[in-house]
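# Architecture and fold: a report
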Amino acid sequence: MARDPLRDGHGRTISDVRVSVTDRCNFRCQYCMPAEGLPWLDRSEVLRFEEIERIVALLATMGVDELRLTGGEPLVRRDFPTLAAALVAVDGLREVSVTTNGFLLERDAEALVRAGVDRFNVSIDSLQADRFFALTRRDAMDRVLRGLAHLATFPEAHPIKVNAVAMRGFTEDEILPFAAFAREHPYEVRFIEYMPLDGDRSWKPEQVLTGEEIRAAIHVVHPLEPEPREPHATARVYRFADGQGRIGFINPVSEPFCGDCNRIRLTSDGRLRTCLFSLNETDLRGPLRAGATDDDLEQIVRDAVWAKELKHHVNDPGFVQPRRTMSAIGG
């Protein structure tokens, strides 16, 4: 049954949901988790497959047609390809994508492609093994690159995006190698500005290496030409002037794109978040397990989304970092 479109109190239509299927991760990236990790949710606290499917199906009746599956690391969720296939089949969804650290792609790429996943984002923050280890605290770069190459053998998986978090004092040495990587392989590399969502809560504004600085450094060596920004897009995309590849920049700190934000998030324990930096969440798991009807859940969702923040406040005095880290929210 089609329902009225989902809109917030600022007139923005919501059409994109990011669903975290687990808070667990097999990496310990500096910008996300402490070295010792975080306490995991009890299994009973995590949404079951049928609960995720029900919420996604309800959102789809309200016009949400883009779904991104995240974590933690989504591929560590047992039988994840089965969940992906069930969600691909939800009526009304136009696109289902997955964000992964790539560690288990050799194992799961084929199953996810066969399940019907439309797009993949693979996180790789360095192309040098020692630096990859320093940032992720895992000696896994070769395995991730093998998984990425395996995924690339499936034509249905393209275009594949490679995400690198940009941190001052670290990423400067990665810029040109990643540019060459984007020119030599069928991937769109995207640099994402470092955000205050780290488990150590050590983020400082001066650690942000801006997308414009990275773009300028690449442009000197490989001239870039901008492509038109699509509505609601998080990335500013450029093509290499000679036609050999594309590269993107996601600049939430230096160039916020809140004005036409169409996204909401569902955490692995069933909390609806209307902004990555929300200080408040809305419980859907409780009502769901208490027997709420779809109409009941719709009203809860609409009330929460109506109060969606106009913008994040990362650059404002008195900014308060969310209690949850990126791994617990879902990227």
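What you are looking at is a predicted structure, and each value in this text was computed from that prediction instead of being measured. (Residues numbered from 1 in each chain as written. Predicted model: local features only at pLDDT ≥ 70, side-chain atom pairs only at ≥ 80, totals over all residues. Heavy atoms only, no water.)

### A look at the sheet that holds strand 9 (residues 246-250)
Read across the open sheet, the twelve strands follow the order 7-8-9-6-5-4-3-2-1-10-11-12; overall the sheet is mixed. Where the open sheet ends on each side, the last strands, each with one partner, are strand 7 (224-226) and strand 12 (282-283). Bridge analysis of strand 1 (residues 16-20) against strand 10 (residues 263-266) gives four bridges, and the strand direction is parallel. For Val19, the partnering residue across the bridge sits in strand 10 and is Leu266. (Pairing = 2+ DSSP bridges. Helix = DSSP H or I, 4+ residues; strand = E, 2+ residues; numbered from the N terminus.)

### As for the nonpolar core
Counting residues in hydrophobic clusters, the biggest one holds 100 residues, and the most contacted among them are Leu69 and Ile218. The element contributing the most residues to this core is helix 1 (residues 49-61), with six residues. Dropping the residues within four chain positions of it, Ile218 is found in contact with Ile175, Leu176, Ala179, Phe191, Leu224, Phe240, Ile247 and Phe249. (Core = buried A, V, L, I, M, F, W, Y, C linked by side-chain atoms within 4.5 Å. Buried < 20%, exposed > 50% of the residue type's maximum accessible area, 1.4 Å probe, protein only. Contact = heavy atoms within 4.5 Å.)

### Digging into the side chain of Ser327
With respect to the element layout, Ser327 can be found in helix 10 (residues 326-329). Here Ser327 falls in the buried class, since its relative accessible area comes to 5%. Here the side chain of Ser327 touches Thr325 through a polar contact of 3.0 Å, side chain to side chain. Excluding its chain neighbours within four sequence positions, the residues that come into contact with Ser327 are Thr22, Asp23, Cys32, Met33, Leu38, Gly71 and Gly72. (Polar contact = N/O pair within 3.5 Å; in protein donor to acceptor, adjacent residues only side chain to side chain.)

### A look at the side chain of Arg273
By the secondary structure assignment, Arg273 is in strand 11 (residues 271-273). Once you skip the residues sitting within four places of it in the chain, Arg273 turns out to touch Ile264, Arg265, Thr267, Ser278, Glu281, Pro322 and Ile329.

### Overview of the pattern of salt bridges
One pass over the structure, following the stated rule, counts 31 salt bridges. Between Arg107 and Asp108 there is a salt bridge, and its shortest N-O distance comes to 2.8 Å. Under the relative-accessibility criterion, Arg107 is labelled exposed at 53%. What makes Asp108 buried here is its relative accessible area of 7%. Salt-bridge contacts for Glu227 lead to Arg246; the nearest nitrogen and oxygen are separated by 2.4 Å. A residue pair is termed long-range when its members are at least 10 positions apart, and Glu227 in the loop between strand 7 and strand 8 (236-240) and Arg246 in strand 9 qualify at 19 residues. For Glu227, a relative accessible area of 22% gives the class partly exposed. (Salt bridge = Lys/Arg side-chain N within 4 Å of Asp/Glu carboxyl O.)

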